[in-house]
Structure formats: structure tokens, C-alpha cells
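In case you want the letters, here they are:
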Amino acid sequence: MTEETKLREEMCLLAKSLFDRGLTGGSTGNISARTPDGGLLVSPTGTSFGRLDPARLSRFDASGTLIGGDKPTKEMPLHSAFYETRNKTGAVVHLHSCHSVAWSLMPEVDEDNFLPPLTPYAIMKLGKVKLLPFFIPGDPAMGDAVRGLAGKRSAVMLANHGPVVAAKDVESACNAIEELEDTARLAILMRGYDAKMLSPEMVQQIVTKYDVEWD
């Protein structure tokens, strides 16, 4: 089995796991990963994470030309922006996860630091998450908004839409976006309570110890 074949299988396996556990439903969400030759594999438009076919993933070459598979997701500008601005990016995942979307609707949310400091793990895996404004799905302006961050954020939250996470590989991206959704769920559960959050000193200790991007 070639490295690309393994990657195709892994992408579909992880996408199905996200779907089966209710982290994105219907034909929502999209996933991409860098191939060994510098190209991309991308989930096709209108497909369900629960039923992705490894052989039908959209295949781009290193120059960005579609050379195989089905028509790619309409959110390609979003994915491309992360690959262009963050050299370490090996995969990008976008979900329509319920709690993170719900949290994006709350008036008290900090646009520059979307997730409150409830646990160390979101800080370790995501750094600061930027809340972006609402865009019509498929709008290339989403990609422009990510480019405007100049590679400083590995994760963004599209208001009223869903989270997007870039990471070194597809497993890391999936793990990180799950952490984002779990933290948003905790934030919803704690809303209205006098929750004891991590102090700024605790956050800084985590950032320092785990060399977290925190700009």
C-alpha cells in the first residue's frame, strides 16, 4: 500500500469517526491533507463524512491543479489559505459542530480568543482561536480572512457556521477540532455559573511549557 493510499484511507476513517459521533451531520464538513508529493487530497463537494470513498477524493497536484477524483468542496479557498500561510500545515478540517456554533452566537465571546480558559488542552492543541464574522458558505472572502491572520492562528471559528483547524497531519487536526468542540460545550454548560477558569498565570505556564503559539 502506497503512502497516498494510506492517507486516503486514514482521511475517510477519521471523517467517519467524526460523523458517527455527531460532530458533523448530513453532508456538512470538509477535510483535506497534504500528499507526499506536495499535492492535496480533499473531500468532494456535497459528500457525507460518514460515507467518503477513498478512491473519489479530489486530488490536486503540487501546483494546485485538480487532476483526479470528484469536484472538491466549495470551501477550497478556506483550506488553501491555511496551506499558503502556515508552512507546517499538513491537514485542514472544517466541521459544523453544534456546541462551537452555539458558542459563536453568544454576545460575550471574545473575538480574538474564542474559547474561555477552562482546561489546558484547548490551549495546548489550538492556541488562541480567532472568531471570524459570518460569510456565505463558499465565499472566497473566508480565505482572505484567514490570509489576513498572516499564519498566526492554527484555528478559526466561522460565526454561525463552524470551526476550522489546521495541523501537522490529519489525525492531529481531527484531535484538535474535537478539543475545540469539547471546550465550547463546556463553555455552554458553564454559562451563567461563576466558573473557576484558569488564571492568566496558569495560561502562561501552559503556553511556556508546551511552546504554544499565543500571539
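All of the points below concern the structure found in this document. Just so it is clear, the structure is predicted and the values come from calculations on it, not from any experiment.

**Thoughts on the overall build of the protein**
Along the protein, the regular secondary structure elements total 7 helices and 8 strands. For the protein, whose C-alpha radius of gyration is 17 Å, the value lies close to the compact-globule estimate of 17 Å for 215 residues. Across its three principal directions, the C-alpha atoms of the protein cover 55 × 35 × 35 Å. Just so you have it, the protein exposes about 10500 Å², and 53% of that area is on carbon and sulfur atoms. In the protein, 23 positive and 28 negative side-chain charges are present, and the distance between their average locations comes to 1 Å.

**Some words on the sheet that holds strand E2 (residues 40–42)**
Hydrogen bonds between backbone groups are what pair the strands of a sheet, and the pairing can be parallel or antiparallel. Judged by pairing direction, the sheet is mixed, and its 8 strands sit side by side in the order E4-E3-E2-E1-E5-E8-E7-E6 without closing on themselves. Taken across any chain shown, the strands that pair with only one partner, and hence form the sheet edges, are strand E4 (66–68) and strand E6 (130–132). Across the sheet, the mean angle separating the axes of adjacent strands is 20° when strand polarity is ignored. Here 4 bridges tie strand E1 (residues 30–34) to strand E5 (residues 91–94), and the two strands are oriented antiparallel to one another. When the sheet's bridge partners are listed, asparagine 30 is paired in E5 with histidine 94.

**Thoughts on the environment of proline 117**
Summarising the element assignment, proline 117 is placed in the loop between helix H3 (98–104) and helix H4 (120–126). Along the chain, proline 117 and methionine 202 lie 85 residues apart, while their C-alpha atoms are 9.3 Å from each other.

**A closer look at the pairing of E1**
The element E1 is extensively covered by neighbouring structure, given that 4 of its 5 residues are classed as buried. Two elements, E1 and E2, share 3 bridges in a ladder whose sense is antiparallel. Bridging across to E2, serine 32 finds its partner in valine 42.

**Re a nonpolar patch on the surface**
Taken together, Leu186, Leu189, Met190 and Tyr193 make up a surface patch of nonpolar side chains, about 400 Å² in accessible area. Within the secondary structure layout, leucine 189 lies in helix H6 (residues 170–190).

**Notes on the environment of histidine 99**
In this structure, histidine 99 sits in helix H3. Considered as a pair, histidine 99 and glycine 162 are 63 residues apart in the sequence and their alpha carbons are 9.3 Å apart. A distance of 2.9 Å separates the side chain of histidine 99 from the side chain of glutamate 181, its partner in a polar contact.

**Observations concerning the pairing of E5**
Covered by surrounding structure in E5 are Ala91 and Val93 together with Val92 and His94, the residues of both alternating faces. Both E5 and strand E8 (residues 162–167) contribute to a ladder of 4 bridges, which runs antiparallel. Residue pairing for E8: alanine 91 is matched across the bridge by alanine 167.

**Structural notes on the packing of helix H1 (residues 3–20) against H6**
At a minimum axis separation of 10 Å, H1 and H6 run at an interaxial angle of 15°. With respect to H6, the axis of H1 lies roughly parallel. The two elements H1 and H6 meet at a crossing, and its hand is right-handed. On H6, the residues touching Leu7, Glu10, Met11, Leu14 and Leu18 of H1 are Val170, Glu171, Cys174 and Glu178. For the contact of H1 with H6, the per-class residue count stands at 6 nonpolar, no polar and 3 charged.

The rules behind these values
- Within each chain, residue numbers correspond to sequence positions counted from 1 in written order.
- Selection of residues for local features in this predicted model requires a pLDDT of at least 70, selection of side-chain atom pairs for listing and counting requires 80 or more, and totals for whole chains, interfaces and linings are taken over all residues.
- The side-chain figures draw on all heavy atoms in the structure; neither hydrogens nor water molecules are used.
- Working definition: helices are DSSP H or I runs of at least four residues, strands are E runs of at least two. Numbering for both runs from the N terminus.
- What the globule rule says is 2.2 Å times the number of residues to the power 0.38, and the radius of gyration is computed from C-alpha atoms.
- In this description, accessible areas are obtained by the Shrake-Rupley approach with a 1.4 Å probe, and a residue is regarded as covered only by the protein chains that are shown.
- Positive charges are assigned to Lys and Arg, negative charges to Asp and Glu, while His and the chain termini are left out of the count.
- Charge positions come from single atoms, namely NZ of Lys, CZ of Arg, CG of Asp or CD of Glu.
- For two strands to be treated as a pair, DSSP must find no fewer than two bridges joining them.
- Throughout, an axis means a line fitted to C-alpha atoms (over the contacting stretch in the case of helices), and angles, computed between N-to-C directions, take values from 0 to 180 degrees.
- For the exposure calls, accessible area comes from a 1.4 Å probe over protein chains only, and a residue counts as buried if that area is under 20% of its type's maximum, exposed if over 50%, partly exposed in between.
- Surface patches are defined over residues having more than 30% relative accessible area and no salt bridge, joining like charges when they lie within 9 Å and nonpolar side chains (Val, Leu, Ile, Met, Phe, Trp, Tyr) when within 5 Å.
- By definition, a salt bridge exists where a carboxyl oxygen of Asp or Glu is found within 4 Å of a side-chain nitrogen of Lys or Arg.
- As used in this structure description, the phrase polar contact means that two N or O atoms lie within 3.5 Å; if the pair is within protein, one of them must be able to donate a hydrogen and the other to accept it, and residues adjacent in sequence are counted only when both atoms belong to side chains.
- Relative orientations are named as follows: roughly parallel for angles under 35 degrees, roughly antiparallel for angles over 145 degrees, roughly perpendicular for angles from 65 to 115 degrees, and oblique for any other angle.
- We call a crossing left-handed when the near helix sits turned anticlockwise from the far one by less than a right angle, and right-handed when that turn is clockwise.
- Contact between two residues is taken to exist if any of their heavy atoms lie within 4.5 Å; hydrogens are not considered.
- Side-chain classes follow a simple rule in which Ala, Val, Leu, Ile, Met, Phe, Trp, Tyr, Cys and Pro form the nonpolar group, Asp, Glu, Lys and Arg form the charged group, and the remainder, Gly included, forms the polar group.

These figures come from the coordinates and say nothing about function on their own.
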